[in-house]
Amino acid sequence: MIQDNQDIARTLEQAVSLYRSGDLLTAEDRLRSILAVDAHQPQANYYLGSLLLESLRTLDSLPYFNAALESDPQQAEYWLSYIGALIDAAHYEDAKLVLSYGRDAGLSGEPVEHLEQLIVKRQSEQLLLSSKGAHVPEAHIQEKLIQLFLNRRYQAVEIALHKLLEQYPSWLDGWKIMSDTLLVQKKDARVAARKALALNADDAKEHCYYGLVLKGQGDLANAADAFRDAIKLQPDYAAAYNNLGIVSKDMGDIATAVGYYRQALDINPGYASCYSNLLFCLSHADVVSTEDLFAEHRRFGYQYEAVYKSAWPKHSHKSNSAKNLNVGFVSADFREHSLVNFFEPVLEHLSLVADVSLHAYSTSAIEDYVTQRLKPKFKHWHKVDELTDVALAEKIREDKIDILVDLDGHTAGNRLISFAMKPAPIQVSWLGYLATTGLSAMDYYLADAHLLPLNQFDEQFTEKIVQLPANAPFIPSELSPKVNELPALNNGFITFGCFNRVEKITPSVISLWSKLLNEIPNSKLLLGSMPQDGSYDAIIKAFADHAVSVDRLIIYHRSTMADYLKLHHHVDICLDTFPSNGVTTTCHAAWMGVPTLCVEGNSLMSRGAMAIMLHLNLSDFVVQSHECFVSQGVYWSVHMQQLSEVRSNLRKQFKTSALNQASIISQHLVLAFRQMWERWCKNQPATSFKTSAIDS
């Protein structure tokens, strides 16, 4: 409660900070609480007027600007803001009058001249609109909304649109802006997108947009229908086929997804991001051999590098092995994303290395609290989401990057086409994608001895393999609850679990898991990352086909991090997927005391969980065959006391493992960069190697 001037000052400071950060609703509440105590407080009136004006509540803003001006007429900004608000409210005669009073009070200069011209311009625009009977807001209002959106003032846009769309219900662009605004705030945008679709139902792109909104809300089955509707209207709509592939993959139907991606590529062979989606999907398929998967990645390289390879620049970097290295990291995931769990602890230490200058190339339009946390750790932050692939490559060359690191591979938002232009002398792929990029322009791939033993998987990579002590450290979530007692000790039955994405649960996975469940008739399986109802019916049916009834499946939809981590309290052992393993989920589970039973794979994509278990000295949870997977699962189901001991010790083991040694891994990464650079300075080709030992 505000009681004195100190309280007012403190509350005003909070309100202004909230307003500037974009939290208009809380800021408004704070400002009104001040004015309830002191109705004439000039700054509170001014900022409340500004807030209301920004969210296009123009008429509501006028009394507050007037009160601020009457309380402190010496402030030129109060005069200018009040006059501007009067103009926006179409109170032109009042605006002229206040402007004349302002001139008498000494108001002058370019801003005053601008306001005078604006009055004339707006009056003429209003006359034109009145004669036409407009069904959309005035141009200056639309321009202001777009600018607010571009400036990430999403609350202001949302508040403004609620009122405008009541006045202009047939304003198509308004509904689409509302939908985008809600989506970027992670709110439900379906109603707004549906309104837009109703106004433009004959447009294939509108159906595709509606499908993307539904997909963003997790409504995959209806999103697929929307994309099919788009294709009915425009049979050669490659983007709609690509989006159908994405939602099919997200529902676990890999084979169908692959077909849609190939249809999109038949229509548009140059659709590189779709080709990346195809490769990502094939890496999850259980019917594609490692040889065929590598060949498909190479085809990507041949197709998209060919046009650039002859024009690769001859880099003029100083061939000085001891020079300060400019190292660039390119990613669409410098935000709330699983990548950050592994990358940030390394970045924390890299940012302190004196002879390495870090550059970030952020290729996503989305920035959040994680982005703000990462930015200060780079010497140079480049937001490049609006740059074309060619422009991005040119910028990297201009920045004289010595070593350029790709953190995305063939995942969403990647900029591998820029890498195909070879903008840096040395290019490295790491973390984001557990397979080759297929590019000859990519020199190295970073891994560790468990993931990629030297010389054993070279035929699956265009890159040379570099081994670190661990591929990357992992930051457990601060929301992690304490490890609980083994659930089976109280339940009387064992609960297996999986938190991997649904597309990783292939038919072969279901077949194998079903064999294990049928060997232990009272066991259950918790699936903790399912999409919305109806989007995983095929998985339930597949289990039923293997005599595992739905009452033995415990289904949870995707949830908040806190709720997801708490679900581990119900799980005794996690079961891994193949050929695409869980990595982030395996780390989270281990931190929660839950080991993961996995099969040693013959590709990097199928060795992630195994590597984590071996780093944690849990080789008893790594098997070499599907038969052993079943027998080992049965073994643990009848050795619950031993499993309980594993659970109680696992977090401690995690803390002492290489997965928790960010400093050492960072030191090895710098050593790797130096060795790569020394070879380049000597005109030596890239080669596979293991970094030298460093004492901890």
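The written sequence of each chain sets the order in which its residues are numbered from 1. Since the coordinates come from a predicted model, pLDDT governs what is reported: local features require at least 70, and pairs of side-chain atoms require 80 or more to be given and counted, while whole-chain, interface and lining totals use all residues. The basis for the side-chain values is all heavy atoms of the structure; hydrogens and waters are excluded.

Before going further, it helps to spend a moment on the overall build of the protein. Helix and strand labels come from DSSP, where a helix needs a run of H or I of at least four residues and a strand needs a run of E of at least two; each type is numbered from the N terminus. Helix and strand counts for the protein come out as 30 helices and 14 strands. Atoms considered for the radius of gyration are the C-alpha atoms alone. The globule rule reads 2.2 Å times the number of residues to the power 0.38. For the protein, the C-alpha radius of gyration of 29 Å lies close to 26 Å, the compact-globule estimate for 696 residues. Along the first, second and third principal axes, the C-alpha atoms of the protein reach 90 × 65 × 60 Å. For the protein, buried positions account for 55% of its 696 residues. Sequence-distant contacts, at least 24 apart, represent 67% of the contacts inside the protein between residues at least 6 apart. Here the term buried applies to any residue with accessible area under 20% of the maximum for its type, exposed to any over 50%, and partly exposed to those in between, with areas from a 1.4 Å probe on protein chains only. By the convention used here, residues are in contact when the closest approach between their heavy atoms is within 4.5 Å.

Just to be clear on terms, a salt bridge is a Lys or Arg side-chain nitrogen sitting within 4 Å of an Asp or Glu carboxyl oxygen. Enumeration over the complete set of coordinates arrives at 34 salt bridges. In this structure, Asp-355 and Arg-674 form a salt bridge, with 3.1 Å as the shortest nitrogen-oxygen distance. Highlighted residues: Asp-355 in the loop between helix 18 (338-350) and strand 2 (356-362) and Arg-674 in helix 30 (residues 662-681), separated in sequence by 319 residues. Of the residues examined, Asp-355 reaches a relative accessible area of 33% and is grouped as partly exposed. Of the charged contacts, one joins Lys-422 and Asp-443 as a salt bridge, the two residues approaching to 2.6 Å between their closest N and O atoms. With a gap of 21 residues between them, Lys-422 in the loop between helix 21 (416-420) and strand 5 (426-429) and Asp-443 in the loop between strand 5 and strand 6 (444-448) connect regions that are remote in the sequence.

So, about the sheet that holds strand 7 (residues 464-468). Ordered in space as 3-2-1-4-5-6-7-14, the eight strands form an open sheet in which the pairing is parallel. Taken across any chain shown, the strands that pair with only one partner, and hence form the sheet edges, are strand 3 (380-383) and strand 14 (689-690). Judged from the four bridges that link them, strand 4 (residues 403-406) and strand 5 form a sheet pairing that is parallel. Within strand 5, the residue paired with Leu-404 across the bridge is Gln-427. Two strands form a pair only when DSSP identifies at least two bridges running between them.

In this structure, Thr-586 sits in helix 26 (residues 584-591). At 2.6 Å, the side chain of Thr-586 forms a polar contact with the backbone oxygen of Gly-582. Ignoring anything within four residues of it in the chain, the contact list for Thr-586 reads Thr-596, Ala-609, Ile-612 and Met-613. The definition of a polar contact used here is a pair of N or O atoms within 3.5 Å, where within protein one atom must be able to donate a hydrogen and the other to accept one, and adjacent residues in sequence count solely through side-chain atom pairs.

Right, let's get into the side chain of Gln-632. Positionally, Gln-632 belongs in helix 28 (residues 626-638). Apart from the residues lying within four places of it in its own chain, the contact partners of Gln-632 are Leu-597, Asp-620 and Val-623.

To estimate the expected span of a helix, subtract one from its residue number and multiply by 1.5 Å. The terminal C-alpha atoms of helix 17 (residues 290-309), which comprises 20 residues, lie 26 Å apart, in line with the 28 Å expected from a rise of 1.5 Å per residue. For a residue, the bend is simply the angle between two axes, fitted respectively to the seven-residue segment ending there and the seven-residue segment starting there. Within helix 17, the axis deviates most sharply at Gln-303, by approximately 30°. Each element contacted by the buried residues of helix 17 is listed here: helix 15 (254-267), helix 16 (272-282) and helix 21.

A few words now on helix 12 (residues 204-216). With 13 residues, helix 12 should cover 18 Å at 1.5 Å per step; its first-to-last C-alpha distance of 19 Å lies within 8% of that length. Here helix 12 has its buried residues at Ala-204, Glu-206, His-207, Cys-208, Tyr-209, Tyr-210, Gly-211, Val-213 and Leu-214. Where helix 12 is buried, its residues touch helix 10 (172-184), helix 11 (190-199), helix 13 (220-233) and helix 14 (238-250). Its side-chain oxygen 2.8 Å from the backbone nitrogen of Lys-205, Asp-203 forms the N-cap of helix 12.

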